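Below, each chain spelled out in residue letters.
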Amino acid sequence: MKKVAISILLTAALLTACGESGSSTDHSSHNETSGSTNNAAHGNTAGMDHSGKAKETDSKQEDVQAQFKLSTDKPQPNQETAITIKIQDKNGKPIDKLDTVHEKQMHLIIVSKDLSFFNHIHPENKGNGEFTVTTQFPTAGDYKVIADITPTGMGAMNKSQWFTIQGNVPAPKAIDPDATLTKVVDGKEVTLSIDHLMANKELNLNFNIKDAQTKQPVTDLQPYLGAVGHVVILTQDAENYLHVHPTEEKAKGPDAKFMTTFPQSGVYKIWGQFQQNGKVFTVPFVVKVP
Ligand SMILES: [Cu+2]
């Protein structure tokens, strides 16, 4: 196996990625049930060899539960709302040993159902397996909150929960694949290249970053969460969370390279996050994997 770390949900991709065969683990139970998901994910910090650990990691995955709670039963748009996440074992005992990965013990990703809203924040560890963070949801509607964690000795995994924010839900925005993978955000022109876009294969993602005005390559990216950048990928329905890792962690631009595997055909949204001059910018792309 190459030095690659991916978090994937589907059995097929999991088996491919881990080079394990002969298993018929059914992952369907991880898919959404009654508004709550405990997604299987398999992956590790960049550079770790995870070959042959699929089954082991997977069973531990099921031993970990996350309880999500908002500070109010009727959350409103644009109101400070605390999210509390309790990490427990299957007997309800707190799990308080979590590895620090990309500088944090928990990465929390929040997306609206149409994926038009994306937020990446870091809840504070209150001890006893309890994490909390205060944030705002911009509109009424459904949001998915995804906690990306690595309980010590159990491998990387993600746990998630849908929440409904009260009020009149705006019309969803279409998730259309981008005709061209060049975007301008915060004065930067970012072009995403993916080698042979296809399902079930380890792929390289390269973000090339220029100054949008001068077209000069950006070569002074600052480390963000300990690497050249951070990339999150979700399937169109937000059910599958792919964790992606940099392949050249210490790069400063203009190229930021990552690796992932798209587990199946379909539409995916990709958010690349980079830092320059102390400011993080987030570049979204939508791709269709044939
Ligand atoms: Cu994070």
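Presented here is an overview of the structure given in this document. Note that the coordinates shown come from a computational prediction; the quantities given were computed from them, not determined experimentally.

## Some details on the layout of surface pockets
1) Next: The space that makes up the largest pocket amounts to roughly 280 Å³.
2) Next: The greatest single-element share of the lining of the largest pocket, amounting to 3 residues, is contributed by strand β8 (residues 141-149).
3) Next: By residue class, the composition of the lining of the largest pocket is 8 nonpolar, 4 polar and 4 charged.

## Remarks on unusual backbone geometry
1) Next: Gly253 connects to Pro254 through a cis peptide bond whose omega is 0°.
2) Next: Mapping Pro254 onto the fold places it in the loop between β15 (245-246) and β16 (255-261).
3) Next: Within the chain, Asn128 stands out as a residue other than glycine whose phi angle is a positive 60°.
4) Next: Along the polypeptide, Asn128 turns up in the loop between β6 (124-127) and β7 (130-135).
5) Next: The phi dihedral of Ala238 falls on the positive side, at around 65°, and the residue is not glycine.
6) Next: Along the polypeptide, Ala238 turns up in the loop between β13 (230-235) and β14 (241-243).

## Considerations on the nonpolar core
Inside soluble globular proteins, nonpolar side chains tend to come together where they are buried.
1) Next: Ranked by internal contacts, the top residues of the largest apolar core, which has 28 residues, are Leu205, Phe207, Ile233, Phe258, Phe262, Ile270 and Phe274.
2) Next: Among the secondary structure elements, those contributing two or more residues to this core are β11 (188-194), β12 (202-211), β13, β16, β17 (266-276) and β18 (279-289).
3) Next: Among all residues touching Phe262, those that are not within four sequence positions of it are Leu197, Met198, Ala199, Asn200, Lys201, Leu203, Ile233, Leu242, Tyr268, Ile270, Val287 and Val289.

## Notes on the sheet that holds β6
1) Next: As summarised here, the arrangement of the 4 strands in space is β2-β3-β7-β6, forming an open sheet in which the pairing is antiparallel. Each end of this open sheet is capped by a strand with a single partner; those strands are β2 (64-70) and β6. Taken over all neighbouring pairs, the strand axes of this sheet differ in orientation by 25° on average, direction set aside.
2) Next: Here strand β3 (residues 81-89) pairs with β7 via 6 bridges, running antiparallel. Looking at the pairing, Ala82 lines up with Thr134 of β7.

## A look at the pairing of β8
1) Next: For β8, the tally of buried residues reaches 8 of 9 residues, placing the bulk of the element in the interior.
2) Next: Alignment of strand β4 (residues 106-112) against β8, held across 7 bridges, turns out to be antiparallel. From the neighbouring strand, Ile110 faces β8, where its bridge partner is Val145.
3) Next: One ladder, built from 9 bridges, connects β8 with strand β9 (residues 157-165); its direction is antiparallel. Each residue of the ladder has a partner; that of Gly141, found in β9, is Ile165.

Parameters at a glance
Residues numbered from 1 in each chain as written. Predicted model: local features only at pLDDT ≥ 70, side-chain atom pairs only at ≥ 80, totals over all residues. Heavy atoms only, no water. 1 Å grid on protein atoms, 1.4 Å probe; cavity = no way out; pocket = protein on both sides within 12 Å on 5 of 7 lines; lining within 4 Å. Points joined across faces, edges and corners; volume = space filled by probe spheres on them. Helix = DSSP H or I, 4+ residues; strand = E, 2+ residues; numbered from the N terminus. Nonpolar A, V, L, I, M, F, W, Y, C, P; charged D, E, K, R; others polar. Core = buried A, V, L, I, M, F, W, Y, C linked by side-chain atoms within 4.5 Å. Buried < 20%, exposed > 50% of the residue type's maximum accessible area, 1.4 Å probe, protein only. Contact = heavy atoms within 4.5 Å. Pairing = 2+ DSSP bridges. Axes fitted to C-alpha atoms, helices over the stretch in contact; angles between N-to-C directions.

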